[in-house]
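Fold and geometry: a report
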Amino acid sequence: MSASEPVTVEVRLARAPYCVRVGGGILAACGGMIRALHAGNRVAVVTDANVAAIHLPVVMESLAAAGFEAVAITVEAGETSKRLECAGQVCDAMIAAGLDRSALLVALGGGVVGDLAGFVAAIYYRGIPCVQIPTTVVAQVDSSVGGKTGVNAPGGKNLIGAFHQPSLVIIDPLTLGTLPARDYNEGFAEIIKHAVIRDAEMLAVLDPGERAGLAGLIARNVRIKAAIVAADERETGGERALLNFGHTIGHAIEQAAGYGRFRHGEAVSIGLRGALLLSVHRAGLAQADCDRVVRVLEAFQLPVRVPEDLATADILRAMGRDKKFVGGKVRFVLTARLGSAFLASDVTTEEIEAVVGELRG
Ligand SMILES: NC(=O)c1ccc[n+]([C@@H]2O[C@H](COP(=O)([O-])OP(=O)(O)OC[C@H]3O[C@@H](n4cnc5c(N)ncnc54)[C@H](O)[C@@H]3O)[C@@H](O)[C@H]2O)c1
Ligand SMILES: [Zn+2]
């Protein structure tokens, strides 16, 4: 993919709207973009060790050229950095660097860095502005937009956090060129989810071998996420809950398999197939449409079956649906027609159990 004119997607929030800029090669121009919205001079760039080795120098250079005095704070790569202690360490490093309320934080990396650093920005001096520069597919199409930030607790994922919308999101799809294949493909589970709930025509352009149109594809997904977030910023209206399509079963598989066996996007891929099958049974979705989406998932090397050694009981338990919930109902996102979704509130534990069974075949 070559450099292209950046496109701008607005996240139209009532209180603090912001822009997402998407363009191949714009990483090298991040300093100027941040200068346009921030008068102060001090910046903390939070990143992880992998991203620091590849993309940090360009960012530091661009910030310096725009007159910023930037300090880089690098955490270990991986989900284990999404911890309260790690957030504390980043705060301590910022205090040691003499950063105060006039500072700005740049989150450079995948969803782990975005969630962790976004959370630090939410609490540092009771909140400083944050610019997200996502470098994974997941972070570019999902986590960098919407303002959900936080860390994990021993008792569960994302249990400690805050809503803190970024002031700007800078997306350079060229950064994805250094992403390992498994990380790259994983992100397409969320893209395929977006297609199912909002943009069926996008399914036709999803091709694992095609990276030329990546900037357009990322922008298309950012528009979907931005519109949903603008309609329901804090997930109180039901709209944002539609983004959980495929995630009820997906999260349960991720957890039941033991974190680390399936990537989030891989577990969601199986969950997407589950939600599609349930939609065929319950919502009149055409079997051919279900099959079509499954073929796209498979094209991105994503799993669509529950492995034999993973017991249905364990998956239901991870969902909070063990035997004591027999007869219980659960909120579940379904689709009657590709490109749309709705929240059903009367899906039963038994129906989910049956679909998990189907997911073995
Ligand atoms: N806030 C939200 O709305 C939201 C939404 C979805 C996911 N998330 C969170 O996002 C996290 C997952 O994010 P992720 O999938 O981006 O994982 P990640 O941040 O761990 O990144 C995956 C791996 O890729 C490496 N990496 C990142 N960019 C790279 C690049 N350009 N080149 C080479 N290597 C690179 C990272 O160092 C890491 O090893 C989870 O913690 C999840 O909870 C949050
Ligand atoms: Zn997800």
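All residue numbers refer to position in the chain's written sequence, counted from 1. Just so you know, chain letters begin at A and ligand numbers begin at 1, following the order they were written in. Totals for whole chains, interfaces and linings use all residues, but because this is a predicted model, local features are given only for residues with pLDDT of at least 70 and pairs of side-chain atoms are given and counted only at 80 or more. Note that the side-chain values use all heavy atoms of the structure and ignore hydrogens as well as water.

1. Focus on the coordination of the zinc ion (ligand 2)
To be explicit about the condition: With water omitted from the atoms examined, metal sites may look incomplete; donors here are N, O and S atoms no farther than 2.8 Å from the metal, or 3.2 Å in the case of Na, K and Ca. Here's how the labels work: a residue is buried when its accessible area is under 20% of the maximum for its type, exposed when over 50%, partly exposed in between, all with a 1.4 Å probe on protein chains only.
The protein atoms that coordinate the zinc ion (ligand 2) are Glu190 (OE), His247 (NE2) and His264 (NE2), at distances spanning 2.0 to 2.1 Å. A residue is classified by how much of its surface remains accessible, and Glu190, at 1% relative accessible area, is buried.

2. Overview of unusual backbone geometry
Defined as follows: Numbered from the N terminus, helices here are DSSP runs of H or I no shorter than four residues, and strands are runs of E no shorter than two.
One non-glycine residue, Asn158, lies in the positive phi region at around 55°. Along the polypeptide, Asn158 turns up in strand β8 (residues 156-163). Even without being glycine, Gln301 reaches a positive phi, approximately 60°. Note on Gln301: relative accessible area 63%, which makes it exposed.

3. Things to note about helix α9 (residues 247-256)
Residue pairs spaced three or four apart in an α-helix point in one direction, given the helix's 3.6 residues per turn. Note the following rule: The contact definition used throughout considers only heavy atoms, calling two residues in contact when any of these lie within 4.5 Å.
Of the residues making up α9, those classed as buried are His247, Ile249, Gly250, Ala252, Ile253 and Glu254. Elements in contact with the buried residues of α9: β8, α7 (181-198), α10 (264-283), α12 (312-318), β10 (329-334) and α13 (349-358). The positive-phi residue at the C-terminal boundary of α9 is Gly258, with phi of around 90°.

4. What to know about the site of ligand 1
As a reminder of what qualifies: Here, proximity means that at least one heavy atom of the residue falls within 4 Å of the molecule or strand. Polar contacts, as used here, are pairs of N or O atoms within 3.5 Å; protein pairs need one atom able to donate a hydrogen and one able to accept it. Residues neighboring in sequence count only if both atoms are side-chain atoms. Only the protein chains shown count as cover for residues, and all accessible areas are computed by the Shrake-Rupley method using a 1.4 Å probe. Note that Gly is not counted as nonpolar here; it falls among the polar residues with everything else outside the nonpolar set of Ala, Val, Leu, Ile, Met, Phe, Trp, Tyr, Cys and Pro and the charged set of Asp, Glu, Lys and Arg.
Surveying the vicinity of ligand 1 reveals 25 residues, the closest of which are Asp48, Gly111, Thr135, Thr136 and Thr178. One of the side-chain nitrogen or oxygen atoms of Asp48 is found 2.7 Å away from an oxygen atom of ligand 1. In the complex, the protein chains occlude 87% of the 870 Å² of accessible area that ligand 1 would expose alone. Only α2 (49-54), α5 (111-123), α6 (137-143) and β8 provide two or more residues apiece to the shell around ligand 1. Residue classes in the shell around ligand 1 are distributed as six nonpolar, 10 polar and nine charged.

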